[in-house]
Amino acid sequence: MYKFTNQTTEVNNVDIDLRKNIEGLTKEFSISILYIRNCKFVKCKCFDDTNKCGDPNCKLCFGSGYFASMEKIPAIESSSRNTNASSSGYGGLKQTNIGVTNQTAEIYYIQQQYTPKSRDILLKVTWDKQGNPVDIIKVLEITDVYEMRGNNGRIELNGCSISERTDLVRSFNIILKSLPRKAVSQLSKGGKCIWPSETLKN
């Protein structure tokens, strides 16, 4: 149904409710991840203007240097591009961000209502029987977002290319384990964004 290119993708000649079908596929094939959303317009108090980064152990911004939120969302993971294409980019070499140790061939499909953005973070975690996040498996940074649109131009699904950030696993594990029980309980229920001012409350 879909093909990834460096252009916005369009789905043609269909007369079905794509979002409803995507919702069904998401329920059947998705995994639960933690999504870190960064607001690039609001710097955290830990932001270092000299080094242009935040404190990796900061509980307010999750180490991003900007105002951030954490949310449990469903995503479908897929390997649909080869590693060479990921590392070299389209039509030539592509500069890698500092801290990126492995550019994988993985694509994460995320429903349109979550509006993923480049440089936001996906956390692949283990969950206990109560649905609480336990340990970080991978820290993944979104490098590109591909909007998949229907005939009317409406965004139906987003495909996210990612880079693995092994340098951030330890700091995110520390943050995850230091979250108060109230915050962890909210995460386990899913769907609700947890903002820094709330995560610091016991």
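Description of the structure in this document. (Residues numbered from 1 in each chain as written. Predicted model: local features only at pLDDT ≥ 70, side-chain atom pairs only at ≥ 80, totals over all residues. Heavy atoms only, no water.)

1. Focus: the nonpolar core
Core analysis: the largest hydrophobic core is formed by 19 residues, its most contacted members being Ile36, Met70, Leu123, Ile136, Val139 and Phe172. Sorting the residues of this core by element identifies β2 (31-43), β3 (66-79), β5 (121-127), β6 (133-149), α3 (169-178) and α4 (181-189) as the ones contributing at least two each. The element contributing the most residues to this core is α3, with four residues. Tyr108, Ile110, Tyr114 and Ile162 belong to the second largest nonpolar core, which has 12 residues in total. (Core = buried A, V, L, I, M, F, W, Y, C linked by side-chain atoms within 4.5 Å. Buried < 20%, exposed > 50% of the residue type's maximum accessible area, 1.4 Å probe, protein only. Helix = DSSP H or I, 4+ residues; strand = E, 2+ residues; numbered from the N terminus.)

2. Let's talk about the pattern of salt bridges
Opposite charge on two side chains lets them pair, provided their charged atoms get close. Inspection of every chain in the model, using the stated rule, returns 12 salt bridges. Salt-bridge contacts for Asp49 lead to Lys43; the nearest nitrogen and oxygen are separated by 3.4 Å. Its relative accessible area of 48% is what places Asp49 among the partly exposed residues. Its relative accessible area of 48% is what places Lys43 among the partly exposed residues. As a salt-bridge pair, Arg149 and Glu147 come within 2.6 Å of each other at their nearest N and O atoms. Through salt bridges with shared partners, a single network forms among Arg119, Glu141, Arg165 and Asp167. (Salt bridge = Lys/Arg side-chain N within 4 Å of Asp/Glu carboxyl O.)

3. Considerations on unusual backbone geometry
A negative phi holds for most residues other than glycine; trans holds for most peptide bonds. Backbone geometry at Lys52 places phi at a positive 55 degrees, although glycine is not the residue there. Mapped onto the fold, Lys52 is located in the loop between β2 and β3. Overall, the relative accessible area of 58% leaves Lys52 in the exposed class. For Arg119, which is not glycine, the phi torsion reads 80 degrees and is therefore positive.

4. Topic: the environment of Arg165
Along the chain, Arg165 falls in the loop between β7 (155-164) and α3. Separated by 27 residues in the primary sequence, Arg165 and Lys138 place their C-alpha atoms 7.5 Å from one another.

5. A short note on the environment of Ile136
Along the chain, Ile136 turns up in strand β6. A sequence separation of 32 residues divides Ile136 from Leu168, and the C-alpha atoms of the two residues are 9.9 Å apart. Apart from residues no more than four positions distant in its own chain, Ile136 is found in contact with Leu123, Lys124, Val125, Val169, Phe172, Asn173 and Leu176. (Contact = heavy atoms within 4.5 Å.)

So, to be careful, I would describe these as geometric facts and stop short of saying anything about function.
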